[in-house]
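# An overview of the molecular structure
The chain contents come next:
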Amino acid sequence: MEKVKAKKHLGQHFLIDESIAAAIADTLNFEGYEDVLEIGPGMGVLTKYLLEKPISTYVIEIDTESVTYLESNFPKLKDKIISKDFLKYNINETFEGKQFGIIGNFPYNISTQIVFRTLEYRNQIPEFAGMFQKEVAERICEKKGTKAYGILSVLVQAFYDAEYLFTVDENVFNPPPKVKSGVLRLRRKENFSLPCGEKLFFIVVKTAFQQRRKTLRNSLKTLNLSDNLREDTIFDLRPEQLNVQQFIELTQKIEADAV
């Protein structure tokens, strides 16, 4: 079958450098799970290296032309190609509550949504690796005190250890994107349940960063906190000045205040 044509509306940029594909496949250690899910395999440049690993490889692909190509060229994927949208698919129709890893060269237009979707399944995903637009990969791995540090950084790092691995140039794709790419790896923390209400934690982080230039005293006004709590010195800070642990402590203070 002829090669698949990249579709702009799907954000497709096919990786053509075999050495980079092999390096991405090597980022996962495959410990604690037996299955890996590749998101958006396209023509399988990464897939073929995953199929060499001691792991059961599944792929999920929304592009029907790519699905046909994979079916024709990768007989090892028989019954393991999921022709669905990862953002809408109930992944447990395939994995039934089991642990699995995630990997991929993610379409840049939905890469952030893929991360948030992964967080929803964090109880089942001990490891996650892949390629993003460089700025997004850096943002996920960023530490406190910078402009890049934000909602994505805090929410991901609350549950995972995030590591930026390497940068990828534009010219190794067809068609080449207009930006550089970055590969990262997330490994779930040993104790990844938070000592505070997780729903409230998400609300506090998102609300704080929606007005990131303001102090927490002002940005969290909508949470209707007591005057007594708002006198706490932590409310003198802006959200980018708090690390993940401080956001957890802030959430605990708000929980205690509501009792």
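A quick note: this is a predicted structure, and the numbers were derived from the prediction, not measured.

How each quantity is defined
Residues numbered from 1 in each chain as written. Predicted model: local features only at pLDDT ≥ 70, side-chain atom pairs only at ≥ 80, totals over all residues. Heavy atoms only, no water. Helix = DSSP H or I, 4+ residues; strand = E, 2+ residues; numbered from the N terminus. Buried < 20%, exposed > 50% of the residue type's maximum accessible area, 1.4 Å probe, protein only. Pairing = 2+ DSSP bridges. Right-handed = clockwise from strand over helix to strand, strands pointing away. Salt bridge = Lys/Arg side-chain N within 4 Å of Asp/Glu carboxyl O.

### Points about the environment of Pro177
Note on placement: Pro177 falls in the loop between β8 (173–174) and β9 (181–188). With a relative accessible area of 8%, Pro177 lands in the buried category.

### Description of the pairing of strand β3 (residues 56–60)
Regular strands place their side chains on alternate faces of the sheet. Counting buried positions along β3 yields five of five residues, so the element is predominantly enclosed. In β3, alternate side chains face the same way, and those of Ser56, Tyr58 and Ile60 on one face and Thr57 and Val59 on the other are all buried. In terms of strand pairing, strand β2 (residues 35–39) meets β3 through five bridges, oriented parallel. The residue of β3 that forms the bridge with Asp35 is Ser56. Looking at chain direction, β3 and strand β4 (residues 81–82) are connected through two bridges and run parallel. The partner of Val59 across the bridge, within β4, is Ile81. Between β3 and its parallel partner β4, the chain crosses via helix α3 (residues 64–73), and the hand of that crossover is right-handed.

### Here we look at the pattern of salt bridges
Inspection of the entire model under this criterion finds 14 salt bridges. In this structure, Glu170 and Lys180 form a salt bridge, with 3.1 Å as the shortest nitrogen-oxygen distance. You can see Glu170 sitting in the loop between β7 (160–168) and β8 and its partner Lys180 sitting in the loop between β8 and β9, a full ten residues away along the chain. Residue Lys180 is classed as partly exposed on the basis of its relative accessible area of 34%. One salt bridge in this structure joins Lys253 and Asp232, with 3.0 Å as the shortest N-O distance. One end of the pair, Lys253, is in helix α11 (residues 244–258); the other, Asp232, is in the loop between α10 (227–230) and α11, with 21 residues separating them in the sequence. Members of the salt-bridge network, linked through shared partners, are Asp169, Glu170 and Lys180.

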